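In case you want the letters, here they are:
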Amino acid sequence: MQIFQTIPEIRKFVQTQRECGKKIGLVPTMGYLHEGHLSLVRRAAEDGHTVVVSIFVNPLQFGVGEDYEEYPRDLTRDVELLEQTGLEVVLFAPAVKEMYPQGYATFVEVERLTSGLCGRSRPGHFRGVTTVVTKLFNIVQPDKAYFGQKDAQQAIVIKRMVADLNQPLEIVVAPIVREADGLAMSSRNVYLNPEERRQAVVLFQSLQLAREMIEQGCRDVAEIKEAIIRKLQSAPLASIDYVEIVDGVNLEEITTLAGPVLIALAVRFGKTRLIDNIMLEVS
């Protein structure tokens with residue numbers, strides 16, 4: 001596997017691929033890969049693209065007191081997982097000083113869509129996300145970039161940014177990949193102790209409860225939120241950050257379900273903050 005650590009190196013590789021008539025698929029990650037990431041890699045390969053996976057733990061999207069220093073990192077492990085896919089993948093793994101050299105002073109921010117949900121709980125988080133993603137798009141210049149539905153707000157924000165800035169690529173959002181018991185795969189799951197891990201499945205269970213209520217005809221947002229909260233509170237170790245039911249396009253609060261609807265939640269188990277969601281089309 002080819003591993004590039006500098007911007008000129010990856011740009012030269014991409015230029016060579018384009019001269020050969022290849023299209024580029026980018027899978028941006030923060031590393032400590034799991035099956036969710038690998039599903040994006042496979043999707044990019046299935047689309048016939050030269051696949052570039054970026055691994056960069058982006059300091060700009062971590063707030064004060066968050067887990068930037070503790071965030072799991074294991075490049076050797078990640079390379080092995082990518083090689084085990086049997087796919088032709090190249091890796092872009094820059095250092096922080098490569099992405100943000102001394103004197104760096106430029107940021108990208110999407111308004112409105114970032115004020116609620118995780119944006120309310122993590123001020124500045126999405127400015128960090130959109131800044132680094134814009135830089136990756138400028139560096140790699142992909143034809144398509146692949147993101148997971150687990151970070152639903154992130155995907156919506158990035159789609160808006162691409163449209164607003166006329167960035168010449170397509171954003172592909174792939175379904176959430178879950179463990180056998182329904183827990184959404186996340187690099188942060190490794191933080192959970194055995195009892196926290198056992199109880200964490202309540203996130204998926206609460207979303208399934210909401211889905212069942214909607215399928216049975218319930219359209220009252222307050223009633224559904226109350227049911228989700230009660231289910232989450234049945235797990236003694238769960239500390240709710242937020243439970244929100246919003247418009248699936250503009251992320252605005254709604255009172256009655258209709259059209260695309262995002263049900264999203266964030267819950268802490270000890271020091272570990274987990275997010276999950278479902279997107280529904282409600283008629």
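Here, the structure is the one placed above.
Notes on the structure in this doc start here. (Residues numbered from 1 in each chain as written. Predicted model: local features only at pLDDT ≥ 70, side-chain atom pairs only at ≥ 80, totals over all residues. Heavy atoms only, no water.)

1. Some details on the sheet that holds strand E1 (residues 3-4)
Right, so step 1: Read from one edge of the open sheet, 6 strands run E1-E4-E3-E2-E5-E6, paired in parallel fashion. The outermost strands of the open sheet, each flanked by one partner alone, are E1 and strand E6 (170-174).
Right, so step 2: Relative to E6, strand E5 (residues 144-148) runs parallel, the two sharing 5 bridges. In the sheet register, Ala145 faces E6, and the bridge partner there is Ile171.
Right, so step 3: Sheet strands in contact with helix H6 (residues 125-140) are strand E2 (24-29), strand E3 (50-55), strand E4 (89-92), E5 and E6, and its direction is about 150° off that of E2. (Pairing = 2+ DSSP bridges. Helix = DSSP H or I, 4+ residues; strand = E, 2+ residues; numbered from the N terminus. Contact = heavy atoms within 4.5 Å. Axes fitted to C-alpha atoms, helices over the stretch in contact; angles between N-to-C directions.)

2. Description of the sheet that holds strand E9 (residues 272-282)
Right, so step 1: Sheet architecture is open: 3 strands sit in the order E7-E8-E9, paired in antiparallel fashion. Among the strands making up the open sheet, the edge pair consists of strand E7 (238-247) and E9. When strand polarity is set aside, the average angle formed by the axes of neighbouring strands in this sheet is 15°.
Right, so step 2: As paired elements, strand E8 (residues 259-269) and E9 share 11 bridges and run antiparallel to each other. Counted as the bridge partner of Leu262 is Met279 from E9.
Right, so step 3: In the packing of helix H9 (residues 202-215) onto the sheet, the strands contacted are E8 and E9, and the crossing angle to E9 comes to about 15°.

3. A word on the environment of Pro28
Right, so step 1: Along the chain, Pro28 falls in strand E2.
Right, so step 2: Along the backbone, Pro28 and Ile55 are 27 residues apart, and their C-alpha atoms lie at a distance of 6.7 Å.
Right, so step 3: The contacts of Pro28, once residues within four sequence positions are left out, are Ser54, Leu136, Tyr146 and Phe147.

4. Quick word on the packing of aromatic side chains
Right, so step 1: Applying the stated rule across the entire model yields 6 aromatic pairs.
Right, so step 2: Geometrically, the ring pair formed by Phe62 and Tyr71 is edge-to-face, given 5.9 Å between the ring centres and 75° between the ring planes.
Right, so step 3: An aromatic cluster is defined as three or more aromatic residues linked by ring pairs; in this entry it consists of Phe56, Tyr100, Tyr104 and Phe107.
Right, so step 4: Above the plane of the ring of Tyr32 lies Arg77, whose end atom (NZ or CZ) is 4.0 Å from the centre.
Right, so step 5: Over the ring of Phe107 we find Arg127; its NZ or CZ atom is 4.1 Å from the centre of that ring. (Phe/Tyr/Trp six-rings, centres within 6.5 Å; stacked < 30°, edge-to-face > 60°. Lys NZ or Arg CZ within 6 Å of the ring centre and 35° of its normal.)

5. Some remarks on the packing of H6 against helix H7 (residues 152-164)
Right, so step 1: Packing of H6 against H7 leaves a shortest axis separation of 11 Å and a crossing angle of 55°. Taken together, H6 and H7 sit at an angle that is classed as oblique. Seen along the crossing, H6 lies across H7 with a hand that is right-handed. On H7, the residues that touch Phe126, Val129, Thr130, Val133, Thr134 and Phe137 of H6 are Gln153, Gln154, Val157, Ile158, Met161 and Val162.
Right, so step 2: For the contact of H6 with H7, a count of residues per class yields 8 nonpolar, 4 polar and no charged. (Parallel < 35°, antiparallel > 145°, perpendicular 65-115°, else oblique. Left-handed = near helix turned anticlockwise from the far one by under 90°. Nonpolar A, V, L, I, M, F, W, Y, C, P; charged D, E, K, R; others polar.)

6. Focus: helix H1 (residues 7-19)
Right, so step 1: In a regular helix each residue adds 1.5 Å, so 13 residues correspond to 18 Å; H1 covers 18 Å between its end C-alpha atoms and thus fits that length.
Right, so step 2: Here the buried face of H1 lies against E1, E2, E3, E4, helix H4 (96-99) and H6.
Right, so step 3: Phi turns positive, to about 85°, at Gly21, one or two residues after H1. (Expected span 1.5 Å × (residues − 1).)

7. Side note on helix H2 (residues 35-46)
Right, so step 1: With 12 residues, H2 extends 16 Å between its outermost C-alpha atoms, agreeing within 8% with the 16 Å of an ideal straight helix rising 1.5 Å per residue.
Right, so step 2: Buried residues along H2 sit in contact with E2, E3, helix H3 (75-84), E4, E5 and E6.
Right, so step 3: At the C-terminal side of H2, Gly48 shows a positive phi close to 85°.

8. Some details on the pairing of E3
Right, so step 1: Within E3, 6 of the 6 residues are buried, leaving the element largely enclosed by the surrounding structure.
Right, so step 2: Here E3 shows two buried faces, one formed by Thr50, Val52 and Ser54 and the other by Val51, Val53 and Ile55.
Right, so step 3: Summarising the sheet, E2 and E3 pair through 6 bridges and their orientation is parallel. Counted as the bridge partner of Thr29 is Ile55 from E3.
Right, so step 4: In this fold, the crossover linking E2 to E3 by way of H2 has right-handed handedness.
Right, so step 5: As a crossover connection, the stretch from E3 through H3 into E4 is right-handed. (Buried < 20%, exposed > 50% of the residue type's maximum accessible area, 1.4 Å probe, protein only. Right-handed = clockwise from strand over helix to strand, strands pointing away.)

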